[in-house]
Amino acid sequence: MLEFCLALSMHFLEGDWNEAHPCVRYTENNWTAGAYLNSEDAISKYVSYTFGDEWFAEVGLVTGYSGWEVVPMLRAGYNFNDNVSMF
């Protein structure tokens, strides 16, 4: 399924961080590939696998952060319905 999404973040470290993260992703059989505008105002591309349904953990690899070619990613949360999750 192709999805367009928006994530919001808060940063506790000092700096000029982007806190709105528009994204696009494709998910099939718990695998996801996508791209988003990261906190450094750069495009990040990622691939991940999601464990669980209502409560979930998404584990993967992501690009686009300064100083690193590829970094691990972890997102965990709760799905309220097909369109809303919190993490």
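Everything discussed here concerns the structure shown above.
Below: a short report on this structure. Nothing here was measured: the structure is a model prediction, and the numbers come from that model.

About the thresholds
- Residues numbered from 1 in each chain as written.
- Predicted model: local features only at pLDDT ≥ 70, side-chain atom pairs only at ≥ 80, totals over all residues.
- Heavy atoms only, no water.
- Helix = DSSP H or I, 4+ residues; strand = E, 2+ residues; numbered from the N terminus.
- Rg over C-alpha atoms; globule rule 2.2 N^0.38 Å.
- Buried < 20%, exposed > 50% of the residue type's maximum accessible area, 1.4 Å probe, protein only.
- Disulfide = S-S within 2.5 Å.
- Phe/Tyr/Trp six-rings, centres within 6.5 Å; stacked < 30°, edge-to-face > 60°.
- Core = buried A, V, L, I, M, F, W, Y, C linked by side-chain atoms within 4.5 Å.
- Contact = heavy atoms within 4.5 Å.
- Polar contact = N/O pair within 3.5 Å; in protein donor to acceptor, adjacent residues only side chain to side chain.
- Salt bridge = Lys/Arg side-chain N within 4 Å of Asp/Glu carboxyl O.

Moving on: the overall build of the chain. What the chain contains, in helices and strands, is zero helices and seven strands. In terms of overall size, the chain behaves like a compact globule, its C-alpha atoms giving a radius of gyration of 13 Å where 87 residues would be expected to give roughly 12 Å. When the backbone C-alpha atoms are referred to their principal axes, the chain occupies close to 35 × 25 × 20 Å. Taken over 87 residues, the chain has a buried fraction of 25%.

By the definition in use, this model includes one disulfide. In this model cysteine 5 forms its disulfide with cysteine 23; the gap between the sulfur atoms is 1.9 Å. Residue cysteine 5 is found in strand β1 (residues 2-8), and its partner cysteine 23 is found in strand β2 (residues 20-28); the two are separated by 18 residues along the sequence.

With the rule as written, the count across this model stands at five aromatic pairs. Measuring from centroid to centroid gives 5.0 Å for tyrosine 78 and phenylalanine 80, while their planes differ by 80°, and the two rings are edge-to-face. Of the aromatic side chains, those joined through ring pairs into one cluster are Trp31, Tyr49 and Phe51.

A separate point is the nonpolar core. The biggest cluster of nonpolar side chains holds six residues, and these are Cys23, Tyr36, Tyr46, Val62, Val71 and Met73. If we skip the residues at most four places from it in the chain, methionine 73 touches Tyr46, Ser48, Glu58, Val59, Gly60, Leu61 and Val62.

By secondary structure assignment, the location of glutamate 58 is in strand β5 (residues 55-62). Residue glutamate 58 is classed as buried on the basis of its relative accessible area of 1%. A polar atom in the side chain of glutamate 58 sits 2.5 Å from the side chain of serine 48. Looking at glutamate 58, its side chain comes within polar contact range of the side chain of arginine 75, at 2.6 Å.

Moving on to the pattern of salt bridges. For the coordinates displayed, the defined rule picks out two salt bridges. Taking the shortest distance from any N to any O, the salt bridge between arginine 25 and glutamate 3 comes out at 2.9 Å. Here the residue arginine 25 occupies a position in strand β2, and glutamate 3 occupies one in strand β1, the gap between them amounting to 22 residues. Taken individually, arginine 25 and glutamate 3 each receive the classification buried, so the pair is uniform in this respect. In this structure, arginine 75 engages glutamate 58 in a salt bridge whose closest nitrogen and oxygen atoms are separated by 2.6 Å.

Just distances and angles here, no functional claims.
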